[in-house]
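Take a look at the letters that make up each chain.
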Amino acid sequence: MKNLAKYSLKVLQNAGAEKAVCYCSKSEMHELNVASGEISLFRTNFDTDITLIGMANDRKGSISINKADEKSIEAAAVQVMEMANSSNPDPANDIAEKQPHKNFSHGPQKPDLDKMYFRLSEFMDYAKKHYPKTIIEEINFSFNKQLSFYANSNNVYFEIEKGSYQFVVMFTTRDGQKTSSFNYAAHVSNDLNKPFSECSSIDRLIKQSSEQTVMHTIAGKFEGDVIFSPECLNNVIGSVFSYIRDYNMIKGSSVYKNKLDKQIASEKLTIHSNPLSEELASRYSITNDGYEAKNLTIIEKGVLKSFLLGLYGANKTGLRRAVNSGGCYIIEPGNTSFDEMIKSTKRGILLCRFSGGNPSDNGDFSGVAKNSYFIEDGEIKYPINETMITGNLVEMLMNIKQISKERENPGYQIYPWIKFGGVTISGK
């Protein structure tokens, strides 16, 4: 792999690249599938990907191929430089500067196939015993290993070897003619020491599905509290952080463009992006633009401490490049238990899945609450359907009422439950 990357750099430079980047990866996946409640497939896939980037006179071209022979690489390098020569020059195009050569390794390097089959069979038996009316529609359970190599013409060489187990289950519950809304759960791990029924949110979400064959509609429209589950927080965090990434910052449309070191959220909120965290099974060692990744605090006690700009975004805006590419988010826990959050809610919903579009440039959003519950007078009353929630993300961050002590770790993030006030909830 290392020789392949070095050869690709040389070919790019021979084709006219003043600056060149090559990223090669060889992946191996061992996969078990369940379809319609039965183990249906075991297969092993191998894949090779090569991404070539060439720059000359501030012009940039790039291409990805899945063939590793010299003839294919040479043809791809010519294509890259043809693309670069036909593009508009942009002085912000650049590659990472020289860094020490490093090797990174994390996670298992070989699958335990016997234990994979055992854990999958064990989970199927557990689901049938405890949730007999719940239909396991599909499970994708795989061991993924990747060996990759990043190299650029500034003498940067990184070798990364990583492996992990990934488990995704999709399910619904049927009771006679009544059916719950579809839901799913995912978990990433470095080992198979625990049954999947004990991993992160899997059992909780299937239990909720088993309760949701009979749903009710909330009457009318009101402004209340919404408790976002750890799974639902992805919608909030992903949308908020899109405002501090390259696209919106370069476009100048970000609501946070002038907010560095200023309060953008309740002081209860602290969010880290920790790709090196030992608490996470899914993590990374280098950034998308070729730097060794470091952990980063993005929001500290409500204050925005960093944008998520890559090298191009930093050059384009004149602002500081982030020390990682985002993701691997960890939210600090609060001091309220989940039960206390429910008890202190006068009227609102427990939001467990959200279906909606991207928020507008100013943070306005709307969507449908799925697999969720109505809360009134401190009690979870019943599962709900046909319920819309609307609000503004920027205002919501400033209106955090409580953050739970409990957090969920599915292997790729660590999130608590968060209660936001002032959200509009609309039933029929």
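Conventions we followed
Residues numbered from 1 in each chain as written. Predicted model: local features only at pLDDT ≥ 70, side-chain atom pairs only at ≥ 80, totals over all residues. Heavy atoms only, no water. Core = buried A, V, L, I, M, F, W, Y, C linked by side-chain atoms within 4.5 Å. Buried < 20%, exposed > 50% of the residue type's maximum accessible area, 1.4 Å probe, protein only. Contact = heavy atoms within 4.5 Å. Salt bridge = Lys/Arg side-chain N within 4 Å of Asp/Glu carboxyl O. Pairing = 2+ DSSP bridges. Helix = DSSP H or I, 4+ residues; strand = E, 2+ residues; numbered from the N terminus. Axes fitted to C-alpha atoms, helices over the stretch in contact; angles between N-to-C directions. Parallel < 35°, antiparallel > 145°, perpendicular 65-115°, else oblique. Left-handed = near helix turned anticlockwise from the far one by under 90°. Nonpolar A, V, L, I, M, F, W, Y, C, P; charged D, E, K, R; others polar. Phe/Tyr/Trp six-rings, centres within 6.5 Å; stacked < 30°, edge-to-face > 60°. Lys NZ or Arg CZ within 6 Å of the ring centre and 35° of its normal.

Draft legend 1. Inspection of the nonpolar core at higher detail. Ranked by size, the top nonpolar core spans 46 residues in total, and within it Phe228, Phe241, Leu269 and Ile349 carry the most contacts. Those residues in contact with Leu269 that sit more than four places away from it in its chain are Ile299, Glu300, Lys301, Gly302, Ile331, Leu397, Ile400, Ile403 and Ile418.

Draft legend 2. Fine view of the pattern of salt bridges. One pass over the structure, following the stated rule, counts 16 salt bridges. Because the salt bridges share partners, they merge into one network encompassing Arg204, Glu231 and Glu408.

Draft legend 3. View of the sheet that holds strand β11 (residues 296-300). Here four strands make up an open sheet; going across it, the order is β12-β11-β10-β13 and the pairing antiparallel. Pairing within the sheet leaves two strands with one partner each, and these edge strands are β12 (303-304) and β13 (329-331). The pairing of strand β10 (residues 271-273) with β13 spans three bridges and is antiparallel. In the strand pairing of β13, His272 is matched with Ile330. Helix-sheet contacts for helix α5 (residues 233-242) involve β10, β11 and β13, and the interaxial angle to β13 is about 115°.

Draft legend 4. A look at the packing of helix α1 (residues 2-14) against helix α2 (residues 70-85). At their nearest, the axes of α1 and α2 sit 9 Å apart, and the two run at 45° to each other. Considering the angle they form, α1 stands oblique to α2. Pair α1 / α2 crosses with right-handed handedness. On the side of α1, the interface is formed by Leu4, Tyr7, Ser8, Val11 and Leu12, while α2 contributes Glu70, Ile73, Glu74, Ala77, Val80 and Met81. Counted by class, the contact of α1 with α2 contains eight nonpolar, one polar and two charged residues.

Draft legend 5. Layout of the packing of aromatic side chains. The full count for this structure, using the stated rule, is 17 aromatic pairs. Following the ring pairs from residue to residue traces out a cluster consisting of Phe123, Phe141, Phe167 and Phe196. For the cation-ring pair, Arg321 lies above Tyr291, with the distance from its terminal atom to the ring centre recorded as 3.5 Å. Directly above the aromatic system of Phe222 lies the positively charged group of Arg347, at a separation of 4.0 Å from the ring centroid.

Draft legend 6. Looking closely at unusual backbone geometry. Positive phi is not limited to glycine here, since Cys328 has a value of about 50°. Relative accessible area serves as the criterion here: at 9%, Cys328 is assigned to the buried category. One non-glycine residue, Asn371, lies in the positive phi region at around 50°. Here Asn371 lies in the loop between β16 (364-370) and β17 (372-376).

Draft legend 7. Examining the side chain of Ser337 more closely. Following the sequence through the fold, Ser337 ends up in the loop between β13 and α8 (338-343). When sequence neighbours within four positions are dropped, the list of residues in contact with Ser337 reads Lys405 and Glu406.

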